[in-house]
Amino acid sequence: MIDDILRYNAAFVADKAYEPFLTDKYPDKKLAVLSCMDTRLSVLLQEALGLKNGDAKIIKNAGALVPTPWDSAMRSLIVAVYELGVNEIMVVAHTTCGACHMSFHHFREEMLKRGIAESAMQDCGMDLDAWLEGFHDTEASVRQTVENIVSHPLMPADVSVRGFVIDSVTGALNEVK
């Protein structure tokens, strides 16, 4: 698959198909969106929000989460605010998310099948039960992520942070209060 992508990319560049996407690093709408990495949202998210290339910083991870104050999603949001002029943040989870009900127990079995030693899981320096835990209520998860962003010691109070759940099929957006 990667070789097919490389062939496509060479033609994309040769044909200058990138020209409609030219922009700079600053989001035109001064917006960052934290969303899930689910493939159903790859195009649907931007289309449903009316965003074009260059409008917003899109940050994706499994579940649209900021579970700890110092994870990579929070780091990206801090950079977006201080370096790129973002003054609004949308947390956008989605219906039927795979991170809902996710647990290390499931991953442990899959890791063992793929040849990862039990000792590697025990000696990795992480509480894998906590690190690979998903959530059980999508709206509660969005509320918690919004709270984690708003209450972060480095997040300025003048940044607006709001949470949403997008329908994975229709793109309908519902605000979580």
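Counting restarts for each chain, with residues numbered from 1 along the sequence as it is written. Totals for whole chains, interfaces and linings use all residues, but because this is a predicted model, local features are given only for residues with pLDDT of at least 70 and pairs of side-chain atoms are given and counted only at 80 or more. Calculation of side-chain values draws on the structure's entire complement of heavy atoms; hydrogens and water are dropped beforehand.

Peer 1: Account for the overall build of the protein, with residues named and values stated.
Peer 2: Numbering of helices and strands runs from the N terminus, with a helix taken as a DSSP run of H or I at least four residues long and a strand as a DSSP run of E at least two residues long. Counting its regular elements, the protein contains 7 helices and 5 strands. C-alpha extents for the protein along the principal axes are approximately 50 × 45 × 35 Å. To sort residues, take the accessible area from a 1.4 Å probe on protein chains only and compare it with the maximum for the residue type: under 20% means buried, over 50% means exposed, and anything in between is partly exposed. The buried share of the protein, reckoned over its 177 residues, is 36%. Any two residues whose heavy atoms approach within 4.5 Å are treated as being in contact. Summarising the internal contacts of the protein: among those between residues at least 6 apart in sequence, 74% fall at separations of at least 24.

Peer 1: Tell me about a nonpolar patch on the surface, and please be specific about residues and values.
Peer 2: What goes into a patch is any residue over 30% in relative accessible area without a salt bridge, connected to like charges within 9 Å or, for nonpolar side chains (Val, Leu, Ile, Met, Phe, Trp, Tyr), within 5 Å. To measure how exposed things are, a 1.4 Å probe is used in the Shrake-Rupley method; for residues, cover is taken only from the protein chains shown. The salt bridge definition used is simple: a Lys or Arg side-chain nitrogen within 4 Å of an Asp or Glu carboxyl oxygen. Taken together, the side chains of Val13, Tyr18 and Leu22 make up a nonpolar region of the molecular surface, amounting to roughly 280 Å² of accessible area. Along the polypeptide, Tyr18 turns up in the loop between α1 (2-14) and β1 (31-36). Among the residues examined, Tyr18 registers a relative accessible area of 30% and is labelled partly exposed.

Peer 1: For helix α2 (residues 41-49), give the residues involved together with the corresponding values.
Peer 2: Taken residue by residue, α2 has Leu41, Leu45 and Leu49 as its buried positions. Here the buried residues of α2 occupy an arc of 35° about the axis, which is enough to place them on one side. In α2, those exposed residues whose orientation departs by more than 90 degrees from the buried face are Val43 and Glu47. Close packing links the buried residues of α2 with β1, β2 (56-61), β3 (88-94), β4 (160-166) and β5 (173-176). Gly50 sits one or two residues past α2 and shows a positive phi near 70°. Relevant arc is that of directions from the helix axis to the C-beta atoms, nothing else.

Peer 1: Describe the pattern of salt bridges, naming the residues involved and giving the relevant values.
Peer 2: Overall, the coordinates contain 11 salt bridges when judged by the stated rule. Taking the shortest distance from any N to any O, the salt bridge between Lys52 and Asp28 comes out at 3.8 Å. Of this pair, Lys52 sits in the loop between α2 and β2 while Asp28 sits in the loop between α1 and β1; the two residues are 24 residues apart in sequence, bridging distant segments of the chain. Residue classification places Asp28 among the partly exposed residues on the basis of a relative accessible area of 48%. Close ionic contact of Glu118 with Arg108 constitutes a salt bridge, the shortest N to O distance being 2.5 Å.

Peer 1: An account of the sheet that holds β2 is needed here, citing residue identities and associated values.
Peer 2: If DSSP finds at least two bridges between two strands, the strands pair. Taken together, the 5 strands give an open sheet; going across it, the order is β2-β1-β3-β4-β5, and neighbouring strands pair in mixed fashion. The sheet is open, and its two borders are formed by β2 and β5, each paired with just one other strand. When strand polarity is set aside, the average angle formed by the axes of neighbouring strands in this sheet is 25°. As judged from the 5 bridges shared by β1 and β3, these two strands associate in the parallel manner. Bridged to Leu31 within β3 is Glu88. Between the N-to-C directions of two axes lies an angle of 0 to 180 degrees, each axis being a line fitted to C-alpha atoms and, for a helix, fitted only over the stretch in contact.

Peer 1: Just give me the short version of the nonpolar core, but keep the residues and values in it.
Peer 2: Remark: nonpolar core denotes a set of buried residues (Ala, Val, Leu, Ile, Met, Phe, Trp, Tyr, Cys) joined through side-chain atoms within 4.5 Å. Ranked by internal contacts, the top residues of the largest apolar core, which has 22 residues, are Val66, Leu77, Ile89, Val142, Ile149 and Met155. Broken down by secondary-structure element, the contributors of at least two residues to this core are β1, α3 (72-84), β3, α7 (138-150) and β4. In terms of residue count, α3 provides more of this core than any other element does, 6 residues in total. Not counting chain neighbours up to four residues away, the residues in contact with Ile149 comprise Leu34, Val66, Met74, Leu77, Ile89, Val91, Met155 and Val161. Judged by nonpolar contacts, the second largest core, of 18 residues, contains Val33, Ala56, Val92 and Ala99.

Peer 1: Could you give an account of the side chain of Thr145, with specific residues and numbers?
Peer 2: Its location among the elements puts Thr145 in helix α7. Excluding residues within four positions of it along the chain, Thr145 makes contact with Leu34, Ala64, Leu65, Val66 and Val91.

Peer 1: Explain the pairing of β1 to me, and be specific about the residues and the numbers.
Peer 2: Buried residues dominate β1, accounting for 6 of its 6 residues. As defined by bridge partners, β1 adjoins β2 across 6 bridges and the pair is classed as parallel. Looking at β2, one finds that Val33 is bridged to Ile58.

Peer 1: An account of the environment of Asp158 is needed here, citing residue identities and associated values.
Peer 2: Among the structural elements, Asp158 can be located in the loop between α7 and β4. Taking the C-alpha atoms as reference, Asp158 lies 7.4 Å from Asn87; in sequence the two are 71 residues apart.

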